[in-house]
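Results of the structural survey
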Amino acid sequence: MTSHHPSLLPIEFEIGIAEIDLQHKRLYSLLERLRNVTDKHFGYAVNAILAELDLETRIHFAVEESLMRLLSFSETDAHVSEHRHLTDQLKIFSQRAQDHDISDGLSNFIQLWLIDHIDKHDRELVAYFLSKGVDPVAAPKDN
Ligand SMILES: [Fe+2]
Ligand SMILES: [Fe+2]
C-alpha cells in the first residue's frame, strides 16, 4: 500500500519459523541491493543480483513446497501455483531489466512479489507447520 523504503525486513514479516524467516530476509536483502543499484548502474550489477535472486527463490520455494507436501498441507496446490505466478513475474521483471530502467516499478514489485505473499500466504503456511510440530527456532548455523 504505502511506498516502502525498507532497510530491513519489517518485523511483522518475521512470521515464526527461523529458517523460513532467514530465507525471506535473504530474498529481501537481494531486492534491496537491486533497489540500490538500479538507478545508478545497469547491466552487470543488476543481472548478477537477479541471477542470485532467481537461485535463492528456487531454493526457498522448493523448501516451502517440500514441507507442504511432507506435512500434507491442504492448500498445497494453491500455494504452489502462487509460487509459479511469482516465478513468472520475476522472469518478466528480469527481462524488462535487460533494456529498461526498472527502478520505477521496483517498489511495487517488492510489495507484490514478496511482502504480500509472505503476509497473506506464507503466514498461513507457517501456522500450519507450527501446528504440526515444526521447530520454530531450528536454523542453519552458518548464517
Ligand atoms: Fe516464502
Ligand atoms: Fe510461499
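Presented here is an overview of the structure given in this document. These numbers were taken from a predicted model, which means no experiment stands behind them.

A word on the coordination of the iron ion (ligand 1). At 2.1 to 2.2 Å from the iron ion (ligand 1) lie its protein donor atoms, namely His24 (NE2), His60 (NE2), Glu64 (OE) and Asp122 (OD). Given four donor atoms and angles of 83 to 170° at the metal, the environment of the iron ion (ligand 1) is assigned as irregular. In the primary structure, the donors to the iron ion (ligand 1) are separated according to the pattern H-x35-H-x3-E-x57-D. Among the residues examined, Glu64 registers a relative accessible area of 0% and is labelled buried.

All of the protein donors around the iron ion (ligand 2) are Glu64 (OE), His79 (NE2), His83 (NE2), His117 (NE2) and Asp122 (OD); their distances to the metal are 2.1 to 2.3 Å. Taken in chain order, the donor set of the iron ion (ligand 2) reads E-x14-H-x3-H-x33-H-x4-D.

This next bit is on helix 3 (residues 76–99). Over its 24 residues, helix 3 runs 36 Å from end to end, which matches the ideal 34 Å to within 8%, given 1.5 Å per residue. Where helix 3 is concerned, the buried positions are Thr76, His79, Val80, His83, Leu86, Leu90, Phe93, Ser94 and Ala97.

Calculation criteria
Residues numbered from 1 in each chain as written. Chains lettered and ligands numbered in written order. Predicted model: local features only at pLDDT ≥ 70, side-chain atom pairs only at ≥ 80, totals over all residues. Heavy atoms only, no water. Donors = N, O, S within 2.8 Å, 3.2 Å for Na, K, Ca; no water. Tetrahedral: all angles 85-135°; square planar, octahedral: opposite > 155°, others 65-115°. Buried < 20%, exposed > 50% of the residue type's maximum accessible area, 1.4 Å probe, protein only. Helix = DSSP H or I, 4+ residues; strand = E, 2+ residues; numbered from the N terminus. Expected span 1.5 Å × (residues − 1).

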